[in-house]
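# Per-entry structural report
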2 protein chains.
Amino acid sequence: MSGNKQADAAVIVVGEELLSGETTDTNGSWLGRRLAALGVPVVRRWIVGDDAEAIQAALSAALRIADLIIVTGGLGPTRDDLTRPAVADLLGLDLQPDPNIVDDLRERFRARGISDLPTNNLSQAEVPRGAQVLANKLGSAPGLLMEHEGRSVALLPGVPREMRGIFDDVLADVLRDRFEDRLVPLVHRTLYTTGIAESVLGERVDEVRAGLPEEVDLAFLPGLRGVSIRISIRSSADVSAKFLDEAQAVLDSVVAPYRIGMEKGDLVEAVADALTNESYTLAVAESCTGGLIAKRITDFPGSSTYFRGGVVAYADQIKIELLGVDEAVLVENGAVSEVVAAGMARGVADLLNTDVGVGITGIAGPEGGTPEKPVGTVWYAVSVKGAVRASHRVFSGDREAVRERASQAALRLLYQTLADGP
Amino acid sequence: MSGNKQADAAVIVVGEELLSGETTDTNGSWLGRRLAALGVPVVRRWIVGDDAEAIQAALSAALRIADLIIVTGGLGPTRDDLTRPAVADLLGLDLQPDPNIVDDLRERFRARGISDLPTNNLSQAEVPRGAQVLANKLGSAPGLLMEHEGRSVALLPGVPREMRGIFDDVLADVLRDRFEDRLVPLVHRTLYTTGIAESVLGERVDEVRAGLPEEVDLAFLPGLRGVSIRISIRSSADVSAKFLDEAQAVLDSVVAPYRIGMEKGDLVEAVADALTNESYTLAVAESCTGGLIAKRITDFPGSSTYFRGGVVAYADQIKIELLGVDEAVLVENGAVSEVVAAGMARGVADLLNTDVGVGITGIAGPEGGTPEKPVGTVWYAVSVKGAVRASHRVFSGDREAVRERASQAALRLLYQTLADGP
């Protein structure tokens, strides 16, 4: 870090629909992440309506606390769009039509078969004196960048993909030059885990926390498919990489077993790699997950090279008639049992003529639980060339949570079985 | 509306993780919706870090423009949690420990087997003089409500379910009494459509727009499963209901055909009702959707009464061997064709012994398109007691969009076929 004070940013998001909650503000958090990564952290954010006075009040306050102010939204062609004149007025800059933008707008409308540029749209060509125009490849409103008493003020459209496009294509580089030695980038690395509860993971990490470099921060991010650990550090890139490596080595001494197959964050991708390596084909037989595992596998383009198909055996009769589960065994042990899960895994591999089969059967709820088998009880099994491994869990949460967690557990067993080999 | 000026609200959301974009602010939009519905619209929102000065700056500004200020976040037990002292300081109120809250905290910790209340948590029992305590059933930090120079200031925890719980269980009623005749509630009604593009829907609506009551606003909300039209009005409940009914009647003159089965917003529910009415059983055979339709059907608890199961026939061999699609026909017409979709629908109903079968086959992309059958081409068919109806579309969008849109189109054909009867 240089001797100069680190540069700070503020963000002003304009839009009535954000205040009323019809839309959730994702531009603010996206800019928060991008600006943190660039090295100009956001220190305050305003959400204001389509109201010149509110935009000016927020900008005045922002100019007092930040080196960079980004205003997003309100650059469209309708009379609700007040950002451009409100900002120009506060900064004491005249608005002048920019001939290049006018030409560009004419061209856009001509391409859509409209030869006369609507008067409304002319307002989008107005530029505050001295402002730099930031090209918008995806829409009609360009971004604008102004300097004011040592502060930079950027205006970006509110449409997320246009805002993101201008930021990534143009503005990020301009800001990198502008703030140069006042940037302190925030860098993350994420370790994906699955099959361990957040509280237990936290305890494991606490055992080694003293060994972590002081420079890094940890965050635990729980989801239905696992808990991610995010390591963060604010520093220059080379220094960051060293500390991130150190931190990862320390964490891996306790969490590595739960990261198996999760290098990329999605277990389905790891399963795909493992199947492809062995040239194995796969079929799945699902009861409680009702197609979710097949859906997750086929979310990936190219899954047809190893995935042949599946059976959703929701009714017990289908488990028996189509998958060959023994009726007497099913009646004796119940549909949610090790033998039935194993029979489904073996049965679907036989039926669809694959090397590997997965079977899963459980009680997703909210009804159907018993004292011995409460809601959330799930048995799952993997058959590789006829050799079967099975496991079970009682998952917590509502129907959706049980189904998501169960699909992840079955994929984890599948991955481990493939990784361990025959 | 009374002669009194309508009451306005401002929201201050506290949390460093929101500024850095690690978390998206959903509390702000949730409060925006609840306060609009209550009749105190939000006119500005601040996102600030865990920083007393920033909290006070935002609160000072908010007190100048709003009658009600809700501050959410920063009520936890750690030294990052500064909301309580920062607000009390600005409003000139002493903080005093509340014996009831202390007892409640002790009880909570005792229930977790901790007999000594940690000193940190004692800060959560501190209450600004004169503040009303708002019970929190779901966590340790209660909400607080203060009056200051004719303004109301409420502090709520940042954990969404706790914040929502306190608002719905306690605060909403308190505010209803507090602002009484200054409330102008915003009321919505949503008409769900499917099977019509947003632009076409917009044109249809434009034809009848002149007949709509002036008091209502319309918003079009497009999604992968259809476009919803939201009718909004700000008025008292009885007046609103009349105008909403009027508006719906006008809109239904053009959109009713696309609302079929979508009264509740989810086509799967409508399909469930239609199947249950006829006492029909259902099976599905999926290729391109890879289990998504079965998954959507089994998202509903109770689907086991009509859904027997499905086959994911990803490989063509499974369409032929398991579902009985004629190999020569498949080769001649291609796997993505009317005859194959029809054969799958009939085949899966035969295989799983159901009244109704659905078949779907298509090219989800990104690879696999041809000039005659581009990516997005999908054929789908419904068989009811052996009588088959089929349809096809070329869906736009990426793999996920094509799969979602295709599943919706197949469910729509299923619903229509059931509604039209044999």
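Here the structure is a predicted model, which means the values were calculated and not measured.

## Here's the deal with the overall build of chain A
Looking only at helices and strands, chain A has 15 helices and 16 strands in total. Along the first, second and third principal axes, the C-alpha set of chain A runs to 85 × 60 × 40 Å. Split into buried and exposed, the 422 residues of chain A put 55% on the buried side. Contacts in chain A between residues far apart in sequence, at least 24 positions, make up 67% of those at least 6 positions apart.

## Considerations on the interface of chain A and chain B
Across the contact, 52 residues belong to chain A and 52 residues belong to chain B. For the pair chain A and chain B, the two sides together bury roughly 4,200 Å², of which 57% comes from carbon and sulfur. The interface formed by chain A and chain B includes 4 salt bridges. Here chain A is connected to chain B by 32 residue pairs in polar contact (both at pLDDT 80 or more). Breaking the side of chain A that touches chain B down by element, the ones donating at least two residues are helix 1 (16–19), helix 2 (27–38), strand 2 (42–48), helix 3 (52–65), helix 11 (292–298), strand 13 (307–313), helix 12 (316–321) and helix 15 (399–420) of chain A. Looking at the side of chain A that touches chain B, its residues break down into 24 nonpolar, 17 polar and 11 charged. In terms of strand pairing, strand 13 of chain A meets strand 13 (residues 307–313) of chain B through 5 bridges, oriented antiparallel.

## Here's the deal with the side chain of A:D81
All names here are of chain A. One can find D81 in the loop between strand 3 (68–72) and helix 4 (83–91). Lacking a salt bridge, the buried D81 has R84 as its closest oppositely charged neighbour, with an N-O distance of 7.7 Å. Here the side chain of D81 touches G76 through a polar contact of 3.3 Å, landing on its backbone nitrogen.

## Some remarks on the relation of the copies chain A and chain B
Between the two chain copies there is a screw-like relation: a rotation about an axis and a shift along it. Each copy of the sequence occupies a distinct position, and chain A is placed on chain B by a rotation of 180° and an axial shift of 0.2 Å, giving an RMSD of 0.2 Å. Overall, the copies show the geometry of a two-fold rotation axis.

## Some points on the packing of helix 10 (residues 267–278) of chain A against helix 15 of chain A
Residues and elements named next belong to chain A. One can describe the packing of helix 10 onto helix 15 by two numbers: an axis separation of 10 Å at closest approach and a directional angle of 30°. Overall, the two elements helix 10 and helix 15 adopt an arrangement that is roughly parallel. Along this stretch, helix 10 crosses helix 15, giving a crossing that reads as left-handed. Across the interface between the two elements, L267, V268, A270, V271, A274 and L275 from helix 10 touch Q408, L411, R412, L414, Y415 and L418 from helix 15.

## What about the domain arrangement of chain A?
Residues and elements named next belong to chain A. Per the domain assignment, the segments of chain A are domain 1 (9–182), domain 2 (186–258) and domain 3 (267–420). Its C-alpha centre places domain 2 at a distance of 31 Å from the equivalent point of domain 3. Between domain 2 and domain 3, the contact holds 6 residues from the first and 7 residues from the second. In total, domain 2 and domain 3 occlude about 700 Å² of area from one another, counting both sides; carbon and sulfur atoms represent 49% of this. On the domain 2 side of the interface with domain 3, the three residues burying the most area are T194, L224 and R225, jointly 83% of the side's total. Along the contact surface separating domain 2 from domain 3 lie 1 salt bridge. As a salt-bridge pair, R225 and E404 come within 2.8 Å of each other at their nearest N and O atoms. The tally of links between domain 2 and domain 3 comes to 5 residue pairs in polar contact (both at pLDDT 80 or more). Of the residues contributing to the side of domain 2 that touches domain 3, the split by class is 3 nonpolar, 2 polar and 1 charged.

## Thoughts on unusual backbone geometry
In this structure, A:P366 follows A:G365 across a cis peptide bond, with omega equal to 5°. Mapped onto the fold, A:P366 is located in the loop between strand 14 (356–362) and strand 15 (377–384). The backbone of A:N353 sits at a positive phi, close to 60°, despite the residue not being glycine. Tracing the sequence through the fold places A:N353 in the loop between helix 14 (338–351) and strand 14. Its relative accessible area of 60% is what places A:N353 among the exposed residues. Backbone geometry at B:E149 places phi at a positive 50°, although glycine is not the residue there. Looking at the element boundaries, B:E149 is found in the loop between strand 7 (143–148) and strand 8 (151–156).

## Digging into helix 4 (residues 83–91) of chain B
Turning to helix 4 of chain B, its buried residues are B:T83, B:R84, B:A86, B:V87, B:A88 and B:L91. Once helix 4 of chain B finishes, B:G92 follows within two positions and takes phi at roughly 70°, a positive value.

## Describing the pattern of salt bridges
One pass over the structure, following the stated rule, counts 47 salt bridges over all chains. Among the salt bridges present, the one from A:R45 reaches A:D25, with a minimum N-O distance of 3.2 Å. Linking A:R45 in strand 2 with A:D25 in the loop between helix 1 and helix 2, this pair joins segments that are 20 residues apart in sequence. Judged by its relative accessible area of 1%, A:R45 falls in the buried class. A salt bridge links B:D299 to A:R403; its shortest N-O distance comes to 2.9 Å. You can see B:D299 sitting in the loop between helix 11 (292–298) and strand 13 and its partner A:R403 sitting in helix 15, one on each of two chains. Owing to a relative accessible area of 32%, B:D299 belongs among the partly exposed residues under this scheme. One salt-bridge network, in which partners are shared between bridges, spans B:K5, B:D8, B:D67, B:R151 and B:R182.

## Quick notes on the sheet that holds strand 9 (residues 186–193) of chain B
All names here are of chain B. Across the sheet, 3 strands lie side by side as 9-11-10; this open sheet has antiparallel pairing. Each having just a single partner strand, strand 9 and strand 10 (217–223) make up the two edges of the open sheet. Neighbour-to-neighbour, the strand axes of the sheet open up by a mean angle of 20°, direction not taken into account. By the bridge criterion, 8 bridges tie strand 9 to strand 11 (residues 226–234) in an arrangement that is antiparallel. Residue pairing across strands places L191 opposite I229, the latter belonging to strand 11. Packed onto the sheet, helix 9 (residues 237–259) meets strand 9, strand 10 and strand 11 and runs at close to 10° relative to strand 9.

## Side note on the environment of B:N121
All names here are of chain B. Along the chain, N121 turns up in helix 6 (residues 119–122). With relative accessibility at 9%, the residue N121 sits in the buried group. N121 has contacts with P77, L105 and F109, leaving out every residue within four places of it along the chain.

Conventions adopted
- Within any chain, residue numbers begin from 1 and follow the written order of that chain's sequence.
- Each chain is given a letter, starting from A, and each ligand a number, starting from 1, according to the order in which they appear as written.
- Totals for whole chains, interfaces and linings use all residues, but because this is a predicted model, local features are given only for residues with pLDDT of at least 70 and pairs of side-chain atoms are given and counted only at 80 or more.
- The side-chain quantities take in all heavy atoms of the structure and omit both hydrogens and water.
- In this text, helices come from DSSP runs of H or I with a minimum length of four residues, and strands from runs of E with a minimum of two, each type numbered from the N-terminal end.
- Three exposure classes are used, based on accessible area relative to the maximum for each residue type with a 1.4 Å probe and protein chains only: buried under 20%, partly exposed in between, and exposed over 50%.
- We call two residues contacting when some pair of their heavy atoms lies within 4.5 Å.
- The term buried area means the drop in 1.4 Å probe accessible area that two parts suffer when joined, counted for both and summed.
- Whenever Lys or Arg places a side-chain nitrogen within 4 Å of a carboxyl oxygen from Asp or Glu, that contact is recorded as a salt bridge.
- Think of a polar contact as two N or O atoms within 3.5 Å of one another; within protein, one of them needs to be a possible hydrogen donor and the other a possible acceptor, and neighboring residues in sequence only count if both atoms come from side chains.
- When residues are sorted by character, Ala, Val, Leu, Ile, Met, Phe, Trp, Tyr, Cys and Pro go into the nonpolar class, Asp, Glu, Lys and Arg into the charged class, and all the rest, Gly among them, into the polar class.
- Note on pairing: DSSP must find at least two bridges between two strands before they are called paired.
- We treat Lys and Arg as the positive residues and Asp and Glu as the negative residues; His and chain ends play no part in the count.
- In superposing the copies, a least-squares fit is computed on C-alpha atoms, taking residues whose pLDDT is at least 70 in both.
- Every axis in this analysis is a line fitted to C-alpha atoms, fitted for helices over the stretch in contact. Angles between the N-to-C directions lie between 0 and 180 degrees.
- The scheme is simple: roughly parallel for angles under 35 degrees, roughly antiparallel for over 145, roughly perpendicular for 65 to 115, oblique for anything else.
- Throughout, a crossing is termed right-handed when the near helix is turned clockwise from the far one, and left-handed when it is turned anticlockwise from it by less than a right angle.
- Here the limits of each domain have been adopted from an automatic or database domain assignment.

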